[in-house]
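# Structural characterization, general
Chain by chain, the residues run as shown.
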Amino acid sequence: MSSKPSIPKGTRDFSTEEMQRREYIFDTVRQVFRLYGYQPIETPAMENLSSLLGKYGDEGDKLLFRILNSGDYLSGVNDEELTGRDSSRMSSKICEKGLRYDLTVPFARYVVQHRDEIVFPFKRYQIQPVWRADRPQKGRYREFFQCDVDVIGSDSLLNEYELVKIIDEVFSRLRISVVIKINNRKILSGIAEYLGESSRITDITVAIDKLDKIGTDAVNEELRAKGLSDDSVKKLQPLLALEGSTPEKLSQLERILSESATGLKGIEEMRILFSYISNAGLKGKVELDLTLARGLNYYTGAIIEVKSVDVAIGSICGGGRYDNLTGVFGMDGVSGVGVSFGADRIYDVLNHLGLFKEMVMSSSEVLVINFGSAETAYSLSVVEELRKLSVNTELYPDAAKLKKQMSYADSKKIPWIIIAGDDEIKSNSLTIKNMSLGTQEKVSLGDLRTYAENNFRKSK
RNA sequence: GUGGAUGUAGUUCAGUUGGUUAGAACGUCGGAUUGUGGUUCCGAAGGUCGCCGGUUCGAACCCGGUCUUCCACCCCA
């Protein structure tokens, strides 16, 4: 015997119960996506490494799972390279494929590759696993599912608004209270411009993203450590301290960033978006959050992030506008915007909130007891009839003791049992037992249909 | 990738400064009850103490390595 079997770090098996819960999440998002007119696509688990590299920054490149070439993968490597121990150079020689890191970049590749078949604006959703060679933690896995909705080929801010509506709808259906945070890359660019540090926009945004977590002083310290002048740090302070309603914040910003055309454009975009939102009657909270800066560096307009109000687990949904993602695949001038729901974290939130407990997890509505070969034909006809009526029904496969069959039903939370043995067959009837009440009654075979319609599937 | 914790029946956890045969609860299975589950009673099975090595007369316990999970950074769904 070898040691116990196991699965790679950061990956998980899902039990039947977990899968029912997960499918509930997937079904919910899928229904909402469809409601807004989005259509599904899928792309392969692996992409050519050339499609993936350089899209997520240096950090992202490190987190890509690379797939070793098949066959004699060392044939193209000379001795010098082999002994050079340069991992990154080696990997580019021996790996030409990688596992997808997100769904957005493969989508961009898909759009470029299928441009002739696609009608724009193209609204698609995609629910598939992605892989990151991250160090796992709570709520961080190496294999996890994203549920992406994107619309590509339209600049309209109505798309951003629609995505906010979708987010609100999904989380209200899932009964998770959320706050939707929105920012705009152009405003962040404007701020960097205003500080005279345009080239350091990444350092600046990464630092101020941590404001919530580490506080103003630590952020300032980090900015200085990254090489920002004291003067710039000083100029940034009023921006970090902005208060008031969203329109008030935008007005103050407008004054401060009056010299930056990009910044003003961003402010204008936010004004329009929030004007849509203010009339939308959303259930969740939506706020402008200037410190929201994380996300991939391909965002160019709106940046969206959603957090659970009740459970601290990082963001459960995020996305934004990317003006030219398809450009890197040779197709310019196509703008897209989309968000991604993190199914695994949403699962953790629902679990933490106890919102799964009330879910009915029964595989079958009715279990027909198996008494043995003499009764099988009679039992099967009952099973068939119920299935014709769309009642989820199963026949216990073995003629086990009644006690065993009943505790099977009990542990699987099957609410109804049908007993059809000798006595019943003789009188052309069935004994139907309600497992939660413990009551049972005899029903003639001819009344089964009526009984089923009046009693079964009541929960749905 | 950096730093720090963790690992004992299926599950949650006990286990004395290193000392004989590693325990409990819950769960599972069997019986009390051969046509009645969820309650009760009785009984049983189930562990190479994550894995590999070292120290020791002797290791679940001490040391090293490794893997897992978790926490903080980095980054992110």
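Model, not experiment: these values are computed from the prediction. (Residues numbered from 1 in each chain as written. Chains lettered and ligands numbered in written order. Predicted model: local features only at pLDDT ≥ 70, side-chain atom pairs only at ≥ 80, totals over all residues. Heavy atoms only, no water.)

### Concerning the overall build of chain A
Secondary structure assignment for chain A yields 18 helices and 16 strands. The C-alpha atoms of chain A give 29 Å as radius of gyration, which overshoots the globular expectation for 460 residues (23 Å, by more than 25%). Once the C-alpha set of chain A is aligned to its principal axes, its extents read approximately 95 × 65 × 45 Å. Burial status across chain A gives 48% buried among its 460 residues. Here chain A has roughly 23400 Å² of accessible surface; of this, 48% comes from carbon and sulfur atoms. (Helix = DSSP H or I, 4+ residues; strand = E, 2+ residues; numbered from the N terminus. Rg over C-alpha atoms; globule rule 2.2 N^0.38 Å. Buried < 20%, exposed > 50% of the residue type's maximum accessible area, 1.4 Å probe, protein only. Areas by Shrake-Rupley, 256 points an atom, 1.4 Å probe, with all protein chains shown as cover.)

### Some points on the side chain of Gln128
Structurally, Gln128 is set in strand β5 (residues 122-131). A polar contact of 2.9 Å, which involves the side chain of Gln128, links it to the side chain of Gln126. In this structure, Gln128 is in contact with Ile41, Glu42, Thr43, Arg100, Leu103, Phe144, Phe145 and Gln146, ignoring residues within four places of it in sequence. (Polar contact = N/O pair within 3.5 Å; in protein donor to acceptor, adjacent residues only side chain to side chain. Contact = heavy atoms within 4.5 Å.)

### Looking at empty space enclosed by the protein
A probe matching the size of a water molecule, rolled over the atoms, marks out where space remains unfilled. Considering all chains together, one arrives at 1 cavity of 30 Å³ or more under this definition. What the largest cavity holds in volume is close to 30 Å³. Forming the boundary of the largest cavity are Ile191, Ile208, Leu236, Leu239, Leu240 and Leu290. Ranked by residues supplied to the lining of the largest cavity, first place goes to helix α11 (residues 230-240) with 3 residues. Looking at the lining of the largest cavity residue by residue, the classes come out as 6 nonpolar, no polar and no charged. (1 Å grid on protein atoms, 1.4 Å probe; cavity = no way out; pocket = protein on both sides within 12 Å on 5 of 7 lines; lining within 4 Å. Points joined across faces, edges and corners; volume = space filled by probe spheres on them. Nonpolar A, V, L, I, M, F, W, Y, C, P; charged D, E, K, R; others polar.)

### Structural notes on the nonpolar core
Where a protein is soluble and globular, its nonpolar side chains tend to be buried together. In this structure, Phe171 and Phe341 are the most contacted members of the largest nonpolar core, which totals 95 residues. For this core, the two domains that each supply at least three residues are domain 1 (9-169 + 339-356) and domain 2 (177-309). The next biggest cluster of nonpolar side chains, apart from the first, holds 18 residues, and it includes Val382, Val443, Ala452 and Phe456. (Core = buried A, V, L, I, M, F, W, Y, C linked by side-chain atoms within 4.5 Å. Domains from an automatic or database assignment.)

### Comments concerning the protein's contact with RNA strand B
Around RNA strand B, 41 residues are found, and the nearest of them are Lys138, Arg140, Ser315, Lys401 and Met435. When the atoms of RNA strand B within 4 Å of the protein are grouped by moiety, sugar and phosphate amount to 47% of the total. Here a phosphate oxygen of RNA strand B and a side-chain polar atom of Lys210 are 2.6 Å apart. Contacts to RNA strand B include Asp422, whose backbone N or O atom sits 3.2 Å from a base oxygen. For the surface near RNA strand B, the secondary structure elements donating two or more residues are β6 (143-152), β10 (315-322), α16 (402-411), α17 (422-426) and β15 (429-434). (Near = heavy atom within 4 Å.)

### A closer look at the pairing of strand β16 (residues 440-444)
Note: β15 against β16, 5 bridges, orientation antiparallel. The partner of Thr431 across the bridge, within β16, is Lys442. Turn length for the β15-β16 hairpin, with the two strands adjacent in sequence and antiparallel, is 5 residues, and the turn residue Gly438 shows positive phi of about 80°. (Pairing = 2+ DSSP bridges.)

### Some words on the sheet that holds strand β13 (residues 393-395)
A sheet is described by the order of its strands in space; here 5 strands give the open sequence β13-β12-β14-β15-β16, paired in mixed fashion. Two strands in the sheet have a free side with no partner beyond their single neighbour: β13 and β16. Each neighbouring strand pair of the sheet contributes to a mean axis angle of 25°, computed without reference to strand direction. Contacts between helix α15 (residues 373-388) and the sheet are confined to β12 (366-368), β13, β14 (416-419) and β15, with β13 contributing the most and set at about 165° to the helix. Its contacts with the sheet place helix α18 (residues 448-455) against β14, β15 and β16, and it is angled at close to 140° to β16. (Axes fitted to C-alpha atoms, helices over the stretch in contact; angles between N-to-C directions.)

### Quick notes on the domain arrangement of chain A
Each assigned domain of chain A is listed with its residue range as follows: domain 1 (9-169 + 339-356), domain 2 (177-309) and domain 3 (366-455). With centres defined by C-alpha atoms, the gap from domain 1 to domain 2 works out at 26 Å. Opposite the 16 residues of domain 1 that make contact, domain 2 presents 19 residues. Buried surface at the junction of domain 1 and domain 2, summed over both partners, amounts to about 1500 Å²; 73% is from carbon and sulfur atoms. Three residues, Leu157, Val164 and Asp168, lead the burial of domain 1 against domain 2; their summed loss comes to 38% of the area buried on that side. Counting every contact that joins domain 1 to domain 2 gives 0 salt bridges. In this assembly, domain 1 and domain 2 are joined by 3 residue pairs in polar contact (both at pLDDT 80 or more). For the side of domain 1 that touches domain 2, the elements supplying multiple residues, two or more each, are α6 (104-113) and α7 (157-174). Counting residues per element, the side of domain 1 that touches domain 2 draws most heavily on α7, at 8 residues. (Buried area = accessible area lost by both parts, 1.4 Å probe. Salt bridge = Lys/Arg side-chain N within 4 Å of Asp/Glu carboxyl O.)

### Digging into helix α8 (residues 185-194)
Given 3.6 residues per helical turn, the α-helix brings residues three or four places apart onto the same face. Judged by how many residues are buried, α8 sits mostly within the fold: 7 of 10 residues are covered. Listed as buried for α8 are Arg185, Lys186, Ile187, Leu188, Gly190, Ile191 and Ala192. Here the buried face of α8 lies against β7 (178-184), α9 (201-208), α11, α12 (246-256), α13 (261-278) and β9 (302-308). For α8, the N-terminal capping position is held by Asn184, with its side-chain oxygen 2.7 Å away from the main-chain nitrogen of Lys186. Following α8 by one or two positions, Gly196 has its phi on the positive side, about 70°.

### Here we look at the environment of Arg271
Along the chain, Arg271 falls in helix α13. For Arg271, a relative accessible area of 28% corresponds to the partly exposed category. It is 7.5 Å that separates the C-alpha atoms of Arg271 and Leu250, two residues lying 21 residues apart in sequence. Once you skip the residues sitting within four places of it in the chain, Arg271 turns out to touch Leu250, Ser251 and Glu254.

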